[in-house]
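# Analysis of the macromolecular model
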Amino acid sequence: MEIDHYPPATNEGWLHFLPEGWHGIFRQLLDELEFSRPGVRVKQAKEKFGGMRVYLSHETTRDEQSMLLEAEDRSYHTCQTCGEEGRLCVDPTSGTLSTLCSTHDHGFETYRPDLPPGHSIRLREVIDPAMLLGQVQRVFDKIVDRWELSDEQKAGLLPPSAPDQEKLDRISVVYRIWKALNRLLPRPNSDLWVKAANTAPLFAGGCAIDLMAGGRLDDLLKVAVYLEAETV
Ligand SMILES: [Zn+2]
């Protein structure tokens, strides 16, 4: 199991890290970026809080910044599953945000229904990290219960002193790991994996939780990417 495709070698390679419904937006964005700066390099593209985020490897000009923001805004109005018109939705049990159309929003509720449809403000700015954190903290608690982690391991995954935004990032990666494990392994193995002996080079002879709870968000992300590569 290798993670040598992360980061992808080409800008198009980032398509694999984006939901299919946004591929058209991302491709168009790449065309615009390439037109204004041939050889432009994407550093990262991902879904976050229900919207598409794209970062460039080099200093971003004002023009490029507005292209990135416009594409992000479009993603918040485009179903990430099918590419039809969508709106930001929340999964009431997990707090996960997704942009979905009325065909693909089963089990979701509209997030902030008080926002007028088609508003042009950036949704990122109306998402309150503290409110979201309360919602997703429950998900984190459930996952670490299932993994039967010690308090020290929990604090390594989610340092109590970390800023809200970082906590949200960390929980979202923990959730990705949990989701990938549940796709790869039957229970109870999926719950036992993080503490089981592991021969993969990534873990340097230890078990996954040693790396995951070491305190570095980057290490946590490596584990998520490693597992997700196995699910495709
Ligand atoms: Zn849809």
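Rules used throughout
Residues numbered from 1 in each chain as written. Predicted model: local features only at pLDDT ≥ 70, side-chain atom pairs only at ≥ 80, totals over all residues. Pairing = 2+ DSSP bridges. Helix = DSSP H or I, 4+ residues; strand = E, 2+ residues; numbered from the N terminus. Expected span 1.5 Å × (residues − 1). Buried ≥ 20, exposed ≤ 12 C-beta atoms within 10 Å, placed from the backbone. Arc of directions from axis to C-beta. Contact = placed C-beta atoms within 7 Å.

A few words now on the sheet that holds strand 4 (residues 97–100). Sheet architecture is open: 3 strands sit in the order 4-3-5, paired in antiparallel fashion. The sheet terminates laterally at strand 4 and strand 5 (109–110), the two strands that pair on one side only.

What follows is about the pairing of strand 3 (residues 87–90). Judged from the 4 bridges that link them, strand 3 and strand 4 form a sheet pairing that is antiparallel. By the bridge assignment, leucine 88 is partnered in strand 4 with threonine 99. Where strand 3 folds back onto strand 4 in an antiparallel hairpin, the turn is made up of 6 residues, including glycine 95, whose phi is positive at roughly 80 degrees. Relative to strand 5, strand 3 runs antiparallel, the two being bridged by 2 bridges. Counterpart to cysteine 89 in the pairing with strand 5 is threonine 110.

On to helix 8 (residues 217–231). Helix length check: helix 8 (15 residues) gives 21 Å between terminal C-alpha atoms against 21 Å at 1.5 Å per residue, within 8%. If you check which residues of helix 8 are buried, you get Leu220, Val223, Tyr226 and Leu227. Along the axis of helix 8, the buried positions cluster into a sector of 125 degrees, meaning they face one direction only.

On to helix 1 (residues 23–36), then. Helix length check: helix 1 (14 residues) gives 20 Å between terminal C-alpha atoms against 20 Å at 1.5 Å per residue, within 8%. For helix 1, the complete set of buried residues consists of Ile25, Phe26, Leu29, Leu30 and Leu33. End-on view of helix 1: buried residues confined to an arc of 135 degrees, all on one side of the axis. Exposed residues pointing more than 90 degrees away from the buried face of helix 1 are listed as Gly24, Asp31, Glu34 and Phe35. Considering only its buried residues, helix 1 is in contact with strand 1 (42–48), strand 2 (51–56) and helix 2 (62–75).

Once that is clear, we can look at the environment of glycine 86. Inspection of the secondary structure puts glycine 86 in the loop between helix 2 and strand 3. Spatially, the C-alpha atoms of glycine 86 and leucine 100 are 4.6 Å apart, while their sequence positions differ by 14 residues. Here glycine 86 is in contact with His77, Thr78, Cys79, Thr99, Leu100 and Cys101, once residues within four sequence places are set aside.

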